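# Working through the structure, step by step
Below, each chain spelled out in residue letters.
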Amino acid sequence: MLLNPGKPYTRDGANFTFPDVHMIYNAGNNFVHHQQNTNELIEAMAKKVHTVVNQDPWWCASSRYADIVLPATSHLERNDISTGGTYSNDKIWAMRQVIQPYGESLDDFEIFRRLAELFGVEYGFTEGLTVMDIVRNSYANTDARIPFEEFWETGVAEMEVPDAARRWVRHGDFYADPVKNPLHTATGKIGLYVEAFERFGTKECPPIPKYLEPAEFLGNAKPGQVHVVSPHPFMRVHSQMANAECSKHLNIQGREFALVSEEDARERGVKDGDLIEVYNDRGAVIVGARVSPNIMKGVISIYEGAWLSKDSKGRCNSGAINVLTTSVAASDLSQATSANTCLASFRKCTDAEGPNRAYEPPVVENSTVRIEAAALSLTERAQKAKAASTAGLTPGEKLFYERCTLCHVPREPGDYTVKQWHGITESMFPRAGLTDDERKLVLEFLEKNAKK
């Protein structure tokens, strides 16, 4: 997107155009770490992006590459509410604040509230509610039976599960009567051959499942290359808690480890516990070798999730696997990532530079310089920008973008067909809190602009 503004691309059979992006505002995910071919992203940001803002509790890779870092609180420093229960989601958890916010960090809600105040749209964001008001309202909209005060004190409220729910089977109504209860597909049935895929004309996703040769695999590897896989880590959740003590138990010489076969290690003169350099045309990482009989020759495994830290030669001295992975999409249908499609070479590392500094905190310099927000005229500028961006929107269109695209739902009406939207809106409308009249307006907009 950053390197190709205005370039067309396809997804799910629809045509889209990359926007012209000059600023990244990131909150809630470590995007620099997540991106396949990390060096490509860093180069694109340097060429194209004027400003990067990262809102995070941690000095992670995204904070290191941001121009402005807004320190946010962790879950231990704020009040919140959550759900639990393996498949049933039959418990509500009170996520009570445990410690005071560290330093000058603020809750995400408070950061956005203050920004909204500067831009003159505070009430539009808060609707006059505090965090605890929102927690109480969320609890009131569950099926929990005990009073909120009791729930907040005990920490958990269990919800009764109806007997019918215990017997629920996904698509059970369809199995019982496929004519009366069709699926949200073109035929109403499960499609083994998908005619829509043929109509889309996708080159990388045929209408019937078949084997397609990956862009990179041992079948087209150069001599000496290995296939790199990057499974989920054992001691953390992706990049979360990579800076915690528990993640260090499996490290080798302070770095992520690579599982290497005995044969590959022997051929390269590598012993268990050595540092190795894994490299390809996209970049290089330094990791510790764990030599094992439990992985096949020609394959090495490096957990995803280590944070990025470059040495003087541009190698990641921490073992961030996405320095090696490709940004080639899984297909022109899904445009999904293809992280495990990755070839690389490796050798014993004899020139590693010092310790891994990925998890060290930033250097902090105190300054007496203050910016007067009033002098920036943010409210006036924000009102002009909002007026320009919403001019010409129909009532249903405005509601869709302001209320319906806040959760994990499609961002554009052209992402789905009318029939699919009818299925999606069954859960989308209640989450957005729309009245019946508002639902009609949004549905009219979606039906008019849905994928044909």
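Below, the structure is looked at part by part.

For the rest of this paragraph, the subject is the overall build of the chain. Scanning the chain for helices and strands turns up 15 helices and 14 strands. Seen through its principal axes, the chain has C-alpha atoms that stretch 70 × 65 × 50 Å. Partitioning the intrachain contacts of the chain with sequence separation of at least 6 by distance along the chain shows that 64% fall at a separation of at least 24. Just so you have it, the chain exposes about 27,400 Å², and 54% of that area is on carbon and sulfur atoms. Averaging the coordinates of the 50 positive side-chain charges in the chain and doing the same for the 60 negative ones gives two points 4 Å apart.

On to the pairing of strand S2 (residues 14-17). Burial along S2 is one-sided: the face carrying Ala 14 and Phe 16 is buried and the face carrying Asn 15 and Thr 17 is not. Relative to S2, strand S1 (residues 8-11) runs antiparallel, the two sharing 4 bridges. The partner of Tyr 9 across the bridge, within S2, is Phe 16. Counting the residues between successive antiparallel strands, the hairpin from S1 to S2 contains 2 residues, one of them, Asp 12, with a positive phi of roughly 50 degrees.

It is worth spelling out the packing of aromatic side chains at this point. Taken as a whole and judged by the stated rule, the model has 19 aromatic pairs. Consider the rings of Tyr 401 and Phe 445, whose centres lie 6.2 Å apart with planes at 65 degrees: the pair is edge-to-face. In this pair, Tyr 401 sits in helix H13 (residues 395-404) while Phe 445 sits in helix H15 (residues 436-449), placing the two residues 44 residues apart along the sequence. One aromatic cluster is present, built from ring pairs that chain together Phe 400, Tyr 401, Tyr 416, Trp 421 and Phe 445. In this structure, Arg 290 is placed above the aromatic ring of Phe 257, and the distance from its NZ or CZ to the ring centre is 4.4 Å.

This next bit is on the sheet that holds strand S3 (residues 23-27). With parallel pairing, 3 strands are arranged side by side in an open sheet as S3-S4-S5. The open sheet has two free edges, formed respectively by S3 and strand S5 (68-71), since each of these has just one partner strand. Between one strand and the next, the sheet's axes are offset by a mean angle of 10 degrees, whatever the strand orientation. Pairing of S3 with strand S4 (residues 51-56), which is carried by 5 bridges, proceeds in the parallel orientation. Paired with Tyr 25 across the strands is Val 53, a residue of S4. Running at roughly 145 degrees to S3, helix H4 (residues 108-118) makes contact with S3, S4 and S5 of the sheet.

What follows deals with a nonpolar patch on the surface. Together, Met 23, Tyr 25, Phe 112 and Phe 125 line one region of the surface with nonpolar side chains, adding up to about 350 Å² of accessible area. With respect to the helices, strands and loops of the structure, Tyr 25 is situated in strand S3.

Moving on to the pattern of salt bridges. Taken as a whole and judged by the stated rule, the model has 26 salt bridges. Linking Arg 136 and Glu 149 is a salt bridge whose minimum nitrogen-to-oxygen distance equals 3.2 Å. One end of the pair, Arg 136, is in helix H6 (residues 131-140); the other, Glu 149, is in helix H7 (residues 148-154), and 13 residues separate them in sequence. Of the residues examined, Arg 136 reaches a relative accessible area of 38% and is grouped as partly exposed. When salt bridges that share partners are traced, they join Glu 277, Asp 311, Lys 313, Arg 315, Arg 347 and Asp 351 into one network.

To continue, consider the layout of surface pockets. Size it by volume and the second largest pocket reaches roughly 1,200 Å³. If you go around the second largest pocket, you meet 30 residues; those closest to its centre are Met 1, Leu 2, Phe 18, Gln 35 and Ser 327. Contributions of two or more residues to the lining of the second largest pocket are made by S1, S3, helix H1 (31-34) and helix H2 (38-48). For the lining of the second largest pocket, the per-class residue count stands at 15 nonpolar, 12 polar and 3 charged.

Let's shift gears to the packing of H13 against H15. Relative to each other, H13 and H15 sit at 100 degrees, their axes nearing to 8 Å. Of the possible angle classes, the one that applies to H13 and H15 is roughly perpendicular. Only Glu 438, Leu 441, Val 442, Phe 445 and Leu 446 of H15 make contact with H13, whose side of the interface consists of Pro 395, Gly 396, Glu 397, Leu 399, Phe 400, Tyr 401, Arg 403 and Cys 404. Of the residues assigned to the contact of H13 with H15, the class counts are 9 nonpolar, 1 polar and 3 charged.

With that settled, consider the side chain of Gln 55. Tracing the chain through its elements places Gln 55 in strand S4. A polar contact is formed between the side chain of Gln 55 and the side chain of Tyr 25, at a distance of 2.6 Å. In this structure Gln 55 touches Tyr 25, Asn 26, Ala 27, Gly 28, Leu 70, Ala 72, Asp 108, Ile 111 and Phe 112, once residues within four positions along its chain are discounted.

Met 45, Ile 276 and Val 278 are the most contacted members of the largest nonpolar core, which has 35 residues in total. Listing elements by their share of this core, those giving two or more residues are H1, H2, strand S9 (226-229), strand S10 (257-261), strand S11 (275-280), strand S12 (283-292), strand S13 (299-302) and strand S14 (343-348). Top element by residues in this core is H2. It accounts for 4 residues. Excluding anything up to four places from it in sequence, Ile 276 contacts Ala 258, Val 260, Val 270, Val 285, Ile 286, Val 287, Ala 289, Phe 346, Arg 347, Lys 348 and Cys 349. In this structure, Leu 399, Ile 424, Ala 432 and Ala 450 belong to the second largest nonpolar core, which totals 13 residues.

The next subject is the sheet that holds S13. Read around the closed barrel, 6 strands run S9-S13-S10-S12-S11-S14, paired in mixed fashion. If you compare each strand with its neighbour and ignore which way they point, the axes differ by 45 degrees on average. Sheet topology note: the S9/S13 ladder contains 3 bridges and is parallel. Bridge pairing in S13 places His 227 opposite Val 299.

On to unusual backbone geometry. Unusually for a residue other than glycine, His 171 sits at a positive phi of about 60 degrees. Assignment of secondary structure puts His 171 in the loop between helix H8 (163-166) and helix H9 (172-176). Positive phi values are uncommon outside glycine, yet Gln 253 reaches one of about 50 degrees. Looking at the element boundaries, Gln 253 is found in the loop between S9 and S10.

Thresholds applied
- Residues numbered from 1 in each chain as written.
- Predicted model: local features only at pLDDT ≥ 70, side-chain atom pairs only at ≥ 80, totals over all residues.
- Heavy atoms only, no water.
- Helix = DSSP H or I, 4+ residues; strand = E, 2+ residues; numbered from the N terminus.
- Contact = heavy atoms within 4.5 Å.
- Areas by Shrake-Rupley, 256 points an atom, 1.4 Å probe, with all protein chains shown as cover.
- Lys, Arg positive; Asp, Glu negative; His and termini not counted.
- Charge placed at Lys NZ, Arg CZ, Asp CG, Glu CD.
- Buried < 20%, exposed > 50% of the residue type's maximum accessible area, 1.4 Å probe, protein only.
- Pairing = 2+ DSSP bridges.
- Phe/Tyr/Trp six-rings, centres within 6.5 Å; stacked < 30°, edge-to-face > 60°.
- Lys NZ or Arg CZ within 6 Å of the ring centre and 35° of its normal.
- Axes fitted to C-alpha atoms, helices over the stretch in contact; angles between N-to-C directions.
- Patch = residues over 30% accessible without salt bridge, like charges linked within 9 Å, V, L, I, M, F, W, Y side chains within 5 Å.
- Salt bridge = Lys/Arg side-chain N within 4 Å of Asp/Glu carboxyl O.
- 1 Å grid on protein atoms, 1.4 Å probe; cavity = no way out; pocket = protein on both sides within 12 Å on 5 of 7 lines; lining within 4 Å.
- Points joined across faces, edges and corners; volume = space filled by probe spheres on them.
- Nonpolar A, V, L, I, M, F, W, Y, C, P; charged D, E, K, R; others polar.
- Parallel < 35°, antiparallel > 145°, perpendicular 65-115°, else oblique.
- Polar contact = N/O pair within 3.5 Å; in protein donor to acceptor, adjacent residues only side chain to side chain.
- Core = buried A, V, L, I, M, F, W, Y, C linked by side-chain atoms within 4.5 Å.

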